[in-house]
Amino acid sequence: MRIQAAALLACVLSVTGYAPADIAPPGKVKALNAPDDKGNQVEVYWTPSPNDAVPGAIQGYVIYRHKVETGEGLESIPTEWDPDLFAGSEPIGDVPYGVTEFVDENGEPDTTYLYGVAAVTENEQSSVTLASDLVTPRMEWINKGKIWFLIIMLTISGVLIWFVRHAKKGGEVKVRKIAGLEAVSEAVGRATEMGREVLFVPGILDINDIQTVAGITVLSNVARTSAEYDAQLEVPTARSLVMTTARETVQAAYLGAGRPDAYDENRIYYLTDEQFGYTAGVQGKMVRDKPAACFYMGAFYAESLILAETGNSIGAIQVAGTAMPSQLPFFVAACDYTLIGEEFFAASAYLSGDPEQLGSLKGQDVGKVIATFLLVIGCLLATLAGVSGPEKGSDAEPGAFHTSMQDATDYIKQNILGKEGFMVEADRGSFEETEANTGGGGDQ
Amino acid sequence: MTDTPTLDPDKIKVILATDCGSTTTKAILIQYVDGGYRQTHRGEAPTTVEKPFADVTMGVVNSVTEIGELAGRKLVGDDGRIITPATDTEGCDIYISTSSAGGGLQMMVAGVIAEMTAASAKRAALGAGSIVMDVIAANDGRRPHEQIQRIRDLRPDMILLSGGTDGGTTDKVVQLAELIAPAKPQPRFGSDYEMPIIYAGNNQAQGSVSEVFSEGGFDLQIVDNLRPVLERENLGPARDKIHDIFLEHVMAQAPGYDKLMGWTGAPIMPTPGAVGDILQTVARIQGINVVGVDIGGATTDVFSVFDETFNRTVSANLGMSYSISNVCAEATMPNVLRWVPFDMDERELRNHVKNKMIRPTTIPQTREALMFEQAVAREALRLAYKQHKEFATTLKGVQQQRTVGDTFTQETGGETIVNNMKLDLLVASGGVLSHAPRMHQTAMLLIDAFEPEGITMLAKDSIFMMPHLGVLASVHPKAAEEVFDRDCLIYLGTCVAAAGNVKAGKTAFSWSFNGHSGEIKGGEMDLIDLPLGETATITINPVRGVDLGAGPGKKVEREIKGGTVGVILDGRGRPLALPEERTACQATIQGWIDSCDMYVEEEATAAV
C-alpha cells in the first residue's frame, strides 16, 4: 500500500515535470510480448537502479504503460519520459526493491504499448526509463507450455472417435458384464413371479444432480422391463421435479414396450423434501407392501443403510447404484447388486447398446488408462528418486541414478502436468537473460 | 402310477431289458455271474410299431428270441409272452423296457417368466425324457394371439403349466391357462384322447386354473408347485406325473404298448429319461460329476450331473444326418473345415452334406470323407454342449447375500453349473462316436468338442445300453451300476488337459507315472499307453499359471484309469484356439492327429 501511495505521488510529480535528481532510475528497460498467452500479457524487465544496491535507499519500482495511438508523432521511440506526450498516464503496477521484472496482464491484444520504469522512495521518484522498443501483445494459438495436455487430449479424442466409428461400423465393443444391470430383469422377474411390486427410489437430491440423472436412465430400463413383464412399478420421489421427470421417463418406457395402457402416473409420486421424512415414508411402504424388487439409484446419504436393510429384511432383490463413496459399503453389504461410481454412469451406454455411447465409454476408459499409467509411473519415479538420494544431512553428492530419476519426476511434474511444455525453458527472470534469449532484439 | 409287483433285489438274477427305438428294438440280457451282474447277450430286431405290424411287442419278441437263441435260454413262452420268473434254463426274473418309438415324448411347457418358472418347467420336462416343443412365457416377446396360434399349431403329447411361487402371482398363471384353454391343442395320438395338462404352479391358483380348464377337452392333473419359492426347485412331483401320463395316455395310444406294459416289471420310461437316471445313479454312487452325450441323426442329447444336480438338453437341430446341414450352417463351414488337415473343395463338401441329409444311413467311403464327417461331429457336439452350458444354470431370481468383500466380485444368478475342471467322466454314445473306426478318434472328438480340463475319464457306450440300465436303476441300482461300470462303458482312457495361461512352445506341465515321465509343451499333445483295466498314479507339475485341477501352478497327484486309447496328455490350453491362417491350422491339426494316432493306413482302409 505504501508503494502504491508513493507511485501515485510520483505520478503526480512526473506529470508536473518534477524529477528529483538524487534517485537514479533503472538502467535499461525491455518489454516483451509474453509467450503462450491469450494476447493480454507483456513482460517488462529492467536493470536495477544503482540505489537498489543500498539497503533502504529505494522502496521499489513503478511501471508505466502508454498506449501508442496513430499520429502521436512516435515515429521514433523517445529516449526520455516526456510528461507532455504521456500526460494522463498512470502507473500500472509496482514491485518492491530487488525485483527487476513485472508482468502486465491487462493489455489488449494487438495494441502497441510503450513501457517505462522508475525507482521510487517513500515520497520521491526517479526519472522514468523508457523501454528500448515498443511492444504489441499478441495471442498465441498454441500454449506451448501445455503442449502435453494437447497431446493427451488429442490422443483421447482420437481414441474416442475411433471407437465410436468402430462401433458404428458394427465392430465389437466389449464392455464387461455389469452384474447390477444384468440383474434388472431378474429382479423384476422375481417381483412378477411373486405377484408383488417393484420399488424404485431415485435418491434424495434434485434433478440437477448428475447421479439423479443417471438414476433416471436406469429407471427407464426398469420401467420398460416392468412393462414387458406386466409388473407393478412404484416410484416415490423426494423432489417434485424428479417426480415429473420420472413420470415422463416411465410413460415413454411403457409406450416403447407397447404397453401404454399399463402406465399409471399415480404410482410415481412425491413424498417430501425432508430427508428422513422421505426415508420414513419409503420404509413404511416397504414394510407394508413388501416389494419383491427394490432399486436405489441416485444420490444417497444416511438413509442408504436404513432403506437397504429394510429391503433386505423383507426378502427383496435389491439393486443399488450411487457415486457416493461413503454410502457404497452399506449398499454392497445390504444389497444383492451394487453399481459402483463409474458403473452407475456407464449404465446408459450399457443398457442402450447404442454404438455411439458404447464407443464413447470405451474411449473414456482409454483416457483413464493413460491417467492411471502416468500416476503409476510418477509414483514409481518419485519413489525411486526418494530412496536413491543421499541421506538427509549428508554431504554426499547424489548419484547419477538419483539425478536421472529426479529429472524424470520433475519432467512429469513440470512439463507434462505443469506449464513447461516439451522442454524446460530457461528462466527469463532478468534483463541480461532476456537479452541473451532474444538476441538483444525486442519482441514487438 | 402303474402298479408293479415289488421284487426283492437280492432274488433278481436274470434281467431282460429292451429299448424300443424308432427303427430298432434292442434287447440285452443281464445275468448274475461269478458274484456280479454282467451283460451277457444282446439282440436286436426292427421296431414294429408302425403299420403293417402296428404292434410293438412283435419287435420285442423278435429281439428277445434272438437273445434266447444266443444264450441257450428260452425267454419267450409258447403264448408269445416273456417268461417270468426265471428258472435254471428259461425265463427272466424281471423284464423292463424303455421307449422312444414314434418320436418319443413331446411336450409343451408354460411358465410366467421364461428364466424362472418356465425354465424350471422345461428342466422338469427334459429331465423326464421329453422333447420340449416350445416354451410359452409371459415375457417371451410374443403377443397373446401369436402364443395362441403357436399352441394350436403344436401337437404335444401333454402340457406342463407352471408359474408363480406358492402365494405368488395368480393373475399371470390364470392368463397362461386362458391362452391354452381356447387354443384347444390337439394331441398327437388318438382323437378321443383328452389333452393332459399338468399344473405345477402357485398352489393358491389351483382353483382358478381348474375353472379355466373345466370346459372339457382337457385332463387337468394338479401336482405340487415345481418352484414353491424362487430359491428352490421341486421337480420330482412334476417328473413323476409326466412319467405316469406318458404310460397312461401316450403309451396307451401307441400300438401294442398296452400289451407291453402288462409284461414289464417296472414302468416303461422314455429312453432319454432312462439315460438320465442311470447317469444320476452312477454319479451318486461313485460321487463323481458326469457328462453324457448321445449324438443322433436329427438331435443331440447332452446330460450332465454336477454336484448331484441333473440337467438334460436336447439340441433339436444338431445331428449327423437329418440335421447335418443345420450344423454346417450354424457352425459355419470355415469352423468345420478348421478340423480338417488338408484342402477340400467346398462345393464338393456341400454336396456331401446334402447327400448325407437325404440318405442318412450312408457311411463315409474314404478317409477324407471320414475326417470331414468327424469335423462336423466336433462342431455339432461343441454347439450342443454350449447350449447345455447355457441351460444348466443356477436358479434365477434368488436373493443374494453379500459382504463388503464382494464389492468387486458380484456374480449374477443364472451362472452355468457346468465346470469342466470338476468333470470326472465323459460318456459318449451315438453312431459317429460309438462306431468310429478307431477309439482314438472317439477320444479326440470328445476332447476337441467338450474341452475337458484337468483329469477326465473318457468312455463310450458302444451298444447304447444306458437306457436299459436307467430303468434297471429304478429296481436294482446295484446291478445297474455294476453293469454300467463293467459292460456298458468302454473306457477309452484318461485325458490330462492343461487349462490357463499355456504358452505355445513353452513347457505347460511335466508328468510321471509307471516309470514314464516327460514334459508337455504348449500347443502339443501326447499319447501314453496305459492298457484297459490298469490304473496308475500320475504326478503332474504344471508351470505357473497352468491349472490341472489343484489350482494354477500346483502339483497334482491322482489315480488314473487306463483304456483302449491310453492316457492323452493335452497341452493346448483352454479355450482351444486354432491358428487363423489355413496352412498353419492344417499343420497344427495334422500334428495333433499324428500325436494321438488318430488315423493309420490299415484303419483307414478298414473304414472304407
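Residues numbered from 1 in each chain as written. Chains lettered and ligands numbered in written order. Predicted model: local features only at pLDDT ≥ 70, side-chain atom pairs only at ≥ 80, totals over all residues. Heavy atoms only, no water.

### Things to note about the overall build of chain A
Along the backbone of chain A there are 13 helices and 13 strands. A buried classification covers 45% of the 444 residues belonging to chain A. Nonlocal contacts in chain A, meaning residues at least 24 apart in sequence, comprise 73% of its contacts between residues at least 6 apart. Total accessible area on chain A stands at roughly 21,300 Å², and carbon and sulfur atoms take up 56% of it. (Helix = DSSP H or I, 4+ residues; strand = E, 2+ residues; numbered from the N terminus. Buried < 20%, exposed > 50% of the residue type's maximum accessible area, 1.4 Å probe, protein only. Contact = heavy atoms within 4.5 Å. Areas by Shrake-Rupley, 256 points an atom, 1.4 Å probe, with all protein chains shown as cover.)

### Details of the interface of chain B and chain A
At the interface, 34 residues of chain B touch 28 residues of chain A. Taken over both partners, the interface formed by chain B and chain A buries close to 2,300 Å², and the fraction arising from carbon and sulfur atoms is 50%. Ranking the residues of chain B by area buried against chain A places Gln399(B), Gln410(B) and Thr412(B) at the top, with a combined share of 24%. Our enumeration of links across chain B and chain A arrives at three salt bridges. A salt bridge links Lys172(B) to Asp230(A); the nearest nitrogen and oxygen atoms lie 3.9 Å apart. Inspection of the region where chain B meets chain A yields 12 residue pairs in polar contact (both at pLDDT 80 or more). (Buried area = accessible area lost by both parts, 1.4 Å probe. Salt bridge = Lys/Arg side-chain N within 4 Å of Asp/Glu carboxyl O. Polar contact = N/O pair within 3.5 Å; in protein donor to acceptor, adjacent residues only side chain to side chain.)

### Brief notes about the confidence of the model for chain A
Residues and elements named next belong to chain A. Across chain A, pLDDT averages 85, with 86% of residues at or above 70. This model gives residues 1–20 a pLDDT under 50, and the stretch forms 36 contacts once residues within four places in sequence are excluded. Long-range and interchain partners of residues 440–444, a stretch whose pLDDT sits below 50, account for 16 contacts in this model, where long-range means more than four residues apart. (pLDDT = per-residue confidence, 0-100.)

### Some words on the sheet that holds strand β5 (residues 101–104) of chain A
Consider a sheet: its strands pair through backbone hydrogen bonds, and that pairing is either parallel or antiparallel. All names here are of chain A. Here we have three strands laid out as an open sheet, ordered β1-β2-β5, and antiparallel in their pairing. Taken across any chain shown, the strands that pair with only one partner, and hence form the sheet edges, are β1 (29–33) and β5. Taken over all neighbouring pairs, the strand axes of this sheet differ in orientation by 20 degrees on average, direction set aside. Here strand β2 (residues 42–46) runs beside β5; their pairing, made up of four bridges, is antiparallel. In the strand pairing of β5, Val44 is matched with Phe102. (Pairing = 2+ DSSP bridges. Axes fitted to C-alpha atoms, helices over the stretch in contact; angles between N-to-C directions.)

### Overview of the side chain of Asp448(B)
Residue and element names in this part refer to chain B. Relative to the assigned elements, Asp448 resides in helix α14 (residues 439–450). Using a relative accessible area of 2% as the deciding quantity, one classes Asp448 as buried. Of the polar contacts made by the side chain of Asp448, one reaches the side chain of Arg572; its length is 2.9 Å. Residues in contact with Asp448, not counting those within four places in the same chain, are Trp339, Arg378, Arg572 and Leu576.

### With respect to the nonpolar core
In this structure, Leu233(A), Phe295(A), Leu161(B) and Ile180(B) are the most contacted members of the largest nonpolar core, which totals 69 residues. With sequence-adjacent residues up to four places away left out, Leu233(A) is seen in contact with Val198(A), Phe200(A), Leu219(A), Val222(A), Ala223(A), Ser226(A), Val250(A), Tyr254(A) and Arg267(A). Counting 61 residues, the second-largest nonpolar core is a separate cluster that includes Met333(B), Val336(B), Val418(B) and Cys585(B). (Core = buried A, V, L, I, M, F, W, Y, C linked by side-chain atoms within 4.5 Å.)

### Overview of the domain arrangement of chain B
Residues and elements named next belong to chain B. You can read the domains of chain B as domain 1 (9–101), domain 2 (104–258) and domain 3 (290–397 + 411–607). Relative placement of domain 1 and domain 2: their C-alpha centres are 35 Å apart. Contacts between the two partners involve nine residues from domain 1 and, on the opposite side, six residues from domain 2. Summed over both partners, the interface of domain 1 with domain 2 comes to about 560 Å²; 56% of that surface belongs to carbon and sulfur atoms. Summed over the three residues of domain 1 that lose the most area to domain 2, namely Val49, Val56 and Ser99, the buried surface amounts to 58% of that side. Where domain 1 meets domain 2, there are zero salt bridges. In terms of residue class, the side of domain 1 that touches domain 2 is built from five nonpolar, three polar and one charged. (Domains from an automatic or database assignment. Nonpolar A, V, L, I, M, F, W, Y, C, P; charged D, E, K, R; others polar.)

### A short note on empty space enclosed by the protein
All names here are of chain B. This model, assessed by the stated rule, comprises one cavity of 30 Å³ or more. Within this model, the largest cavity holds a volume of roughly 30 Å³. Elements supplying a minimum of two residues to the lining of the largest cavity: α12 (367–391) and α17 (582–595). Per-class residue counts for the lining of the largest cavity are seven nonpolar, no polar and one charged. (1 Å grid on protein atoms, 1.4 Å probe; cavity = no way out; pocket = protein on both sides within 12 Å on 5 of 7 lines; lining within 4 Å. Points joined across faces, edges and corners; volume = space filled by probe spheres on them.)

### Structural notes on helix α9 (residues 324–331) of chain B
Residue and element names in this part refer to chain B. Listed in full, the buried residues belonging to α9 are Ile324, Ser325, Val327, Cys328 and Ala331. The buried residues of α9 occupy an angular sector of 160 degrees when the element is viewed end-on, so they sit on one face. Looking at the buried side of α9, the elements it contacts are α10 (333–337), α11 (346–358) and α12. Within two residues after α9, Thr332 carries a phi angle of roughly 75 degrees, on the positive side. (Arc of directions from axis to C-beta.)

### Some remarks on the packing of α9(B) against α11(B)
The relative placement of two packed helices is expressed as an angle between their axes plus a distance between the axes. All names here are of chain B. In the contact formed by α9 and α11, the axes pass within 8 Å of each other and the chain directions differ by 140 degrees. Classified by the angle their axes make, α9 and α11 are oblique. Together, Ile324, Ser325 and Cys328 of α9 and Val353, Lys354, Lys356 and Met357 of α11 make up the contact between the two elements. Grouping the constituent residues of the contact of α9 with α11 by class yields four nonpolar, one polar and two charged. (Parallel < 35°, antiparallel > 145°, perpendicular 65-115°, else oblique.)

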